[in-house]
Amino acid sequence: MVKPVNRIITGAHYGLRDWLMQRITAVMMAVYTGSLIVLVAVYRPEGYEGFKSLFSIQWVKIASLLCFAGLCWHAWVGVRNVLMDYVHPMFIRLTLQVMCIVALLGYLIWFLDILWD
Amino acid sequence: MLFSISRYDPDKDKKPYMQDYDVELAPTDKMLLDALIRIKAIDDSLSLRRSCREGVCGSDAMNINGRNNLACITPLAGLREPVEIRPLPGLPIIRDLIVDMSQFFKQYHSIKPYLINNDPPPETERLQSQEERARLDGLYECILCACCTTACPSFWWNPDKFVGPAGLLQAYRFLADSRDQATSERLDDLEDPYRLFRCHSIMNCVDACPKGLNPTAAIESIKIMMLNKTV
């Protein structure tokens with residue numbers, strides 16, 4: 001059966017916004033990963049205590065938090081894309097989306113808890 | 001040469017099945033379409049579309065050994081046997097290798113595939129510089145065979161919402177046209193979570209296009225145009 005062509009007006013701008021955010025967060029994560037490699041190469045932290053002191057530097061904490069928040073946003077856009085592609089029944093999709101948001105928020109709080117322990 | 005061809009008659013069959021043919025080919029049979037015409041001479045119940053037999057009309061697009069291509073420009077030499085031939089995936093089958101392309105053309109029409117220019121027509125023609133004309137290269141050559149769109153999983157899952165690579169290539173063909181005045185409206189029309197942004201750049205379309213075109217690049221160009229307009 002031929003379905004009529006649909007344009008989804010609701011949230012029309014989140015197509016471009018999410019596409020852009022996925023790229024911006026990808027750049028953020030790439031810069032953070034590169035910086036972290038340099039930082040580890042320079043400081044040469046040894047064992048748990050070494051890494052703990054490295055991640056107790058205030059700007060490392062903030063950079064890590066920004067990167068992790070970017071990772072969560074990146075993952076959210078990606079997971080929602082997969083759900084939009086494959087899961088069409090609205091209730092199931094909505095349930096999975098809520099589960100994804102709850103999980104990502106949980107990880108973010110857990111991450112904050114670890115960094116600012 | 002051995003062929004295994006998908007057969008389906010909606011009046012008789014519940015679902016498509018594969019039928020084997022072992023055909024003696026003539027030395028003049030060079031392309032897959034030559035072989036299919038020979039098979040049709042043996043079994044005239046086999047249905048397929050074909051017209052120009054030289055890769056221009058796009059009628060004989062089909063899935064050949066797992067890849068979408070035009071039968072008339074697919075050389076028989078080098079094809080793995082048995083050559084498995086199926087209709088284009090993702091579209092309803094009308095019969096055997098013939099699919100219903102209505103959904104494909106509905107999406108194509110939705111991007112308004114014609115020049116929109118409200119200025120009074122000049123006496124001769126709307127002139128372009130050589131550079132402006134060159135921007136249309138790699139876009140206008142599309143023959144709408146649907147090889148790309150039916151190779152795209154995003155179109156399989158959301159054929160009513162995602163325009164598909166062929167339609168988006170044509171959307172960019174008019175966005176890139178210096179004579180077109182509807183750039184803003186065209187970009188607005190594509191701005192929703194589905195029509196353009198279901199493309200995840202997996203490039204099946206580039207792999208499938210029998211004319212060597214690059215719909216993924218056109219889609220990226222549309223996204224950049226949209227970004228420039230918004231920011």
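Residues numbered from 1 in each chain as written. Chains lettered and ligands numbered in written order. Predicted model: local features only at pLDDT ≥ 70, side-chain atom pairs only at ≥ 80, totals over all residues. Heavy atoms only, no water.

If you look chain B up in an unreviewed UniProt entry, it shows as Succinate dehydrogenase iron-sulfur subunit from Nitrosomonas eutropha. The record in UniProt for chain B states the following under Pathway (unreviewed entry): "Carbohydrate metabolism; tricarboxylic acid cycle; fumarate from succinate (bacterial route): step 1/1." Here is the UniProt Catalytic activity (unreviewed entry) comment for chain B, exactly as written: "a quinone + succinate = fumarate + a quinol". (UniProt positions renumbered as here; feature names shortened; annotations may be inferred.)

Within an unreviewed UniProt entry, the label attached to chain A reads Succinate dehydrogenase hydrophobic membrane anchor subunit, and the organism entered is Nitrosomonas eutropha. The record held by UniProt for chain A lists under Function (unreviewed entry) the comment "Membrane-anchoring subunit of succinate dehydrogenase (SDH)." Under the UniProt heading Subcellular location (unreviewed entry), the entry covering chain A gives this text: "Cell inner membrane".

A.B. asks: Any chance you could break down the overall build of chain A for me, citing the residues and the numbers?
C.D. replies: Assigned secondary structure in chain A consists of 4 helices and 0 strands. Going from the N terminus to the C terminus, chain A shows its helices and strands as α-α-α-α. For a compact globule of 117 residues, the expected C-alpha radius of gyration is about 13 Å, and chain A comes in at 19 Å, more than 25% above that figure. Within the span of chain A, comprising 117 residues, buried residues form 30% of the whole. Considering only contacts in chain A between residues 6 or more positions apart, those separated by 24 or more positions represent 66%. Split by element, the accessible area of chain A, about 7,800 Å² in all, is 74% carbon and sulfur. (Helix = DSSP H or I, 4+ residues; strand = E, 2+ residues; numbered from the N terminus. Rg over C-alpha atoms; globule rule 2.2 N^0.38 Å. Buried < 20%, exposed > 50% of the residue type's maximum accessible area, 1.4 Å probe, protein only. Contact = heavy atoms within 4.5 Å. Areas by Shrake-Rupley, 256 points an atom, 1.4 Å probe, with all protein chains shown as cover.)

A.B. asks: Which residues make up the overall build of chain B, and what values do they have?
C.D. replies: Helix and strand content of chain B: 8 helices and 7 strands. Taking the principal axes of its C-alpha atoms as reference, chain B extends roughly 60 × 40 × 30 Å. Among the 231 residues that make up chain B, the fraction classed as buried is 49%. A sequence separation of at least 24 residues applies to 63% of the contacts in chain B between residues at least 6 apart. With an accessible surface of roughly 11,200 Å², chain B has 50% of that area assigned to carbon and sulfur atoms. Averaging the coordinates of the 28 positive side-chain charges in chain B and doing the same for the 33 negative ones gives two points 3 Å apart. (Lys, Arg positive; Asp, Glu negative; His and termini not counted. Charge placed at Lys NZ, Arg CZ, Asp CG, Glu CD.)

A.B. asks: Describe the UniProt feature "binding site: a ubiquinone" (unreviewed entry) in chain A, naming the residues involved and giving the relevant values.
C.D. replies: Mapped onto this structure's residue numbering, the UniProt feature "binding site: a ubiquinone" (unreviewed entry) falls at Tyr86(A). Structurally, Tyr86(A) is set in helix H3 (residues 58-86).

A.B. asks: Any details on the interface of chain A and chain B? Residues and values, ideally.
C.D. replies: The accessible area lost on association of the parts is a frequent measure of interface size. Taken residue by residue, the interface counts 22 residues in chain A and 27 residues in chain B. In total, about 2,300 Å² of surface goes out of reach between chain A and chain B, with carbon and sulfur atoms giving 60% of it. Ionic pairing is found between Asp85(A) and Arg198(B), a salt bridge with its closest N-O pair at 3.0 Å. Inspection of the chain A/chain B interface yields 6 residue pairs in polar contact (both at pLDDT 80 or more). Only helix H1 (14-43) and H3 of chain A provide two or more residues apiece to the side of chain A that touches chain B. (Buried area = accessible area lost by both parts, 1.4 Å probe. Salt bridge = Lys/Arg side-chain N within 4 Å of Asp/Glu carboxyl O. Polar contact = N/O pair within 3.5 Å; in protein donor to acceptor, adjacent residues only side chain to side chain.)

A.B. asks: Quick rundown of the pattern of salt bridges? Include the residues and the values.
C.D. replies: Per the stated rule, a full pass over the model turns up 17 salt bridges over all chains. Between Arg38(B) and Asp29(B) there is a salt bridge; the shortest N-O distance is 2.4 Å. The salt bridge partner of Asp180(B) is Arg186(B), with a shortest N-O separation of 2.8 Å. By sharing partners, the salt bridges in this structure join Arg17(A), Asp18(A) and Arg80(A) into a single network.

A.B. asks: Lay out the pairing of strand E3 (residues 61-64) of chain B with the relevant residues and their values.
C.D. replies: Residue and element names in this part refer to chain B. Here E3 shows two buried faces, one formed by Ala61 and Asn63 and the other by Met62 and Ile64. Here E3 runs beside strand E4 (residues 67-70); their pairing, made up of 4 bridges, is antiparallel. If you follow Ala61 over to E4, its bridge partner there is Leu70. Connecting E3 to the next strand, E4, in antiparallel fashion are 2 residues, including Asn65 with a positive phi near 50 degrees. Pairing geometry for E3 and strand E5 (residues 83-86), over 2 bridges, is antiparallel. Opposite Asn63, over in E5, you have Arg86 as the bridge partner. (Pairing = 2+ DSSP bridges.)

A.B. asks: Which residues make up the domain arrangement of chain B, and what values go with them?
C.D. replies: Residues and elements named next belong to chain B. The domains assigned to chain B are domain 1 (2-99) and domain 2 (101-230). On a C-alpha basis, the centres of domain 1 and domain 2 stand 29 Å from each other. The contact between domain 1 and domain 2 buries some 1,100 Å² in all, and 61% of this surface belongs to carbon and sulfur atoms. Joining domain 1 to domain 2, the criterion identifies 1 salt bridge. With its nearest N and O atoms 2.5 Å apart, the salt bridge here joins Asp207 to Arg67. At the boundary of domain 1 and domain 2, one finds 5 residue pairs in polar contact (both at pLDDT 80 or more). For the side of domain 1 that touches domain 2, the per-class residue count stands at 9 nonpolar, 5 polar and 2 charged. (Domains from an automatic or database assignment. Nonpolar A, V, L, I, M, F, W, Y, C, P; charged D, E, K, R; others polar.)

A.B. asks: Let's hear about the confidence of the model for chain B: which residues, and what values?
C.D. replies: Per-residue confidence for chain B gives a mean pLDDT of 95, with 100% of residues at or over 70. The ipTM assigned to the predicted complex is 0.81, against a pTM of 0.89. (pLDDT = per-residue confidence, 0-100.)

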